[in-house]
There are 2 protein chains.
Amino acid sequence: MEQDKTYLIVGLGLLGGKYAQVLSQKGYRVTGITHSQSTLDFALERGYIRAGKTENFEDLVRGADRIIFGLYPTVLLDWVKENAHLIRPGTLVTDVSGVKRGVVEPVQAALPEGAEFIASHPMAGRETSGITHSAEVDFATANFIITPTEKNTPEGIEWCRSLAQTLGFARITELSPAEHDHMIGYVSQLCHAIAVCLMCASDNSDLAKYTGDSFRDLTRIARINDKMWAELFLWNKDNLISEIDMFSDSLAEMRQKLVEDDREGLEEMFRLSTERRKAFDKK
Amino acid sequence: MEQDKTYLIVGLGLLGGKYAQVLSQKGYRVTGITHSQSTLDFALERGYIRAGKTENFEDLVRGADRIIFGLYPTVLLDWVKENAHLIRPGTLVTDVSGVKRGVVEPVQAALPEGAEFIASHPMAGRETSGITHSAEVDFATANFIITPTEKNTPEGIEWCRSLAQTLGFARITELSPAEHDHMIGYVSQLCHAIAVCLMCASDNSDLAKYTGDSFRDLTRIARINDKMWAELFLWNKDNLISEIDMFSDSLAEMRQKLVEDDREGLEEMFRLSTERRKAFDKK
């Protein structure tokens, strides 16, 4: 990826902060915008960015050749509405959002002629948030999904791919925004919904001392960033509701087999789940 | 625990095999009964037992001072019905069953006068089964639950506790059979039900390449021993159905909040789950 460009990260949270850290380490010229003074101080002190601002940041936007949005979807849309006119033609732009429909088209439409937004999703979230945890993020084992539209150029997509490689992602794929949101509704959002509901269902903290790995693994992701996940769930609610319904049907089927003492039916479900789960052990 | 006794393990599966392995390693005299010739051969070759049989095992039962049942509940009840009369007075007996109501009282009633059954549950299951995987089982981090009834003596309970210590369990607790089954319905069975239903809900193996840690952690236990888990679920169906219902209500509540775009309501659930999950991080 080109060393002579200026990379502006807008939003220095867990992922934006990690992008800044890695790119600076690799010798790129990185600037940053954040609403939080303490985040800015942290980023400057650690050398994640060489310059940054919390307001009056027009010069940073105008001086950027590449822009990465590390913002929640709603904040991203607001930011673009207010500031997109500052982005220079020729600028390549991407994001880190966990949902794509509802984000990609409005952002592409808001950008000035000649600036290109290639959406992407680094699937490297954690239970923590904020730049102070960025150093713990590991890109090497995570998926990086590029979600191009017909507005994107081969060069723009290629840049996004080389960004992912530079950041250290081993697995880089392309999906349409709709395919991405369907996939994420299943592999990530449904799992988070289940973990959260398991904790909300009853207050069994007195049973904590009896829990083993199964329970801990299942509910690890029940520690969740409330603001971000409410955003992600609502932006993808059609997919998530449909996944919840499929899952609920399956659980209702199992419940019925229990009521009917249907041993063979239960064993069949166990064999099916065992068989299907094998596919997820291979990478 | 007394070195001069003979320990008979009936059922040399994953846990029975592990008991045999550890006790033999520590110098105890261990014998075994299994229906499978290949299991018997394995146990003898590895020195897990010093003698064993697949049939005509009356002498082994009569020669045992301590008996451990490593059998599924239904098999255990059948075995006791047929063979309990062979057990000598003075013999102390325990098991490894994952459900306790429905097992403890019938087994205690079936034993001859003077023999004592102290039920217990080593919570050290894995996704694998069979004696060839016994060596992988780790007792050091697992819970050992003793579920005494009014028929048990302090000496019997104390023996069961010393057995658990000898086997290497760090956390040994006592619960009533009813408390145990309630606890296990939540911390283990509900989790397995959820993982299985997530896999059964839809065939999404084409999405396997996009899954991250969340999904893998959540569904690890979806690889499940069909015969054993159908047993465990059905023996505890009242508790499990009630846990499924509480969980389903919570999931339905989340679904409703999605339908209604209730961002604040979702955030509330996320904060509650985050708060509750913290209790499960402490040991």
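Use the structure listed above.
Residues numbered from 1 in each chain as written. Chains lettered and ligands numbered in written order. Predicted model: local features only at pLDDT ≥ 70, side-chain atom pairs only at ≥ 80, totals over all residues. Heavy atoms only, no water.

**Digging into the interface of chain B and chain A**
The partner chain A presents 81 residues to the 82 residues of chain B that form the contact. Here chain B and chain A share an interface that buries about 8,600 Å² over both sides, 66% of which is from carbon and sulfur atoms. The three residues of chain B that bury the most area against chain A are Tyr210(B), Arg277(B) and Phe280(B), which together make up 9% of that side's buried surface. Counting every contact that joins chain B to chain A gives 14 salt bridges. (Contact = heavy atoms within 4.5 Å. Buried area = accessible area lost by both parts, 1.4 Å probe. Salt bridge = Lys/Arg side-chain N within 4 Å of Asp/Glu carboxyl O.)

**Considering the packing of helix α7 (residues 177-201) of chain B against helix α10 (residues 237-259) of chain B**
Residue and element names in this part refer to chain B. Packing of α7 against α10 brings their axes to within 9 Å, and their N-to-C directions diverge by 60°. In terms of axis orientation, α7 runs oblique to α10. Handedness of the crossing formed by α7 with α10: right-handed. Contacts between α7 and α10 involve Asp181, His182, Gly185, Tyr186, Gln189, Leu190 and Ile194 from the first element and Asn239, Leu240, Glu243, Ile244 and Phe247 from the second. By residue class, the composition of the contact of α7 with α10 is 6 nonpolar, 4 polar and 2 charged. (Axes fitted to C-alpha atoms, helices over the stretch in contact; angles between N-to-C directions. Helix = DSSP H or I, 4+ residues; strand = E, 2+ residues; numbered from the N terminus. Parallel < 35°, antiparallel > 145°, perpendicular 65-115°, else oblique. Left-handed = near helix turned anticlockwise from the far one by under 90°. Nonpolar A, V, L, I, M, F, W, Y, C, P; charged D, E, K, R; others polar.)

**Description of the pattern of salt bridges**
According to the stated counting rule, one finds 36 salt bridges over all chains in the structure shown. Residues Asp203(B) and Arg276(A) are paired through a salt bridge, measuring 4.0 Å at the closest nitrogen-oxygen approach. On the criterion of chain membership, the pair formed by Asp203(B) in the loop between α7 and α8 (213-219) and Arg276(A) in helix α11 (residues 263-279) is interchain, its members lying in two chains. Between Glu174(B) and Arg161(B) there is a salt bridge, with the nearest N and O atoms lying 3.2 Å from each other. Of the two residues, Glu174(B) is situated in strand β9 (residues 171-174) and Arg161(B) in helix α6 (residues 154-167); the sequence distance between them amounts to 13 residues. A relative accessible area of 23% means that Arg161(B) is categorised as partly exposed. Through salt bridges with shared partners, a single ionic network connects Asp226(A), Lys227(A), Glu264(B), Glu267(B) and Arg271(B). (Buried < 20%, exposed > 50% of the residue type's maximum accessible area, 1.4 Å probe, protein only.)

The quantities given are spatial measurements derived from coordinates; they are silent on function.
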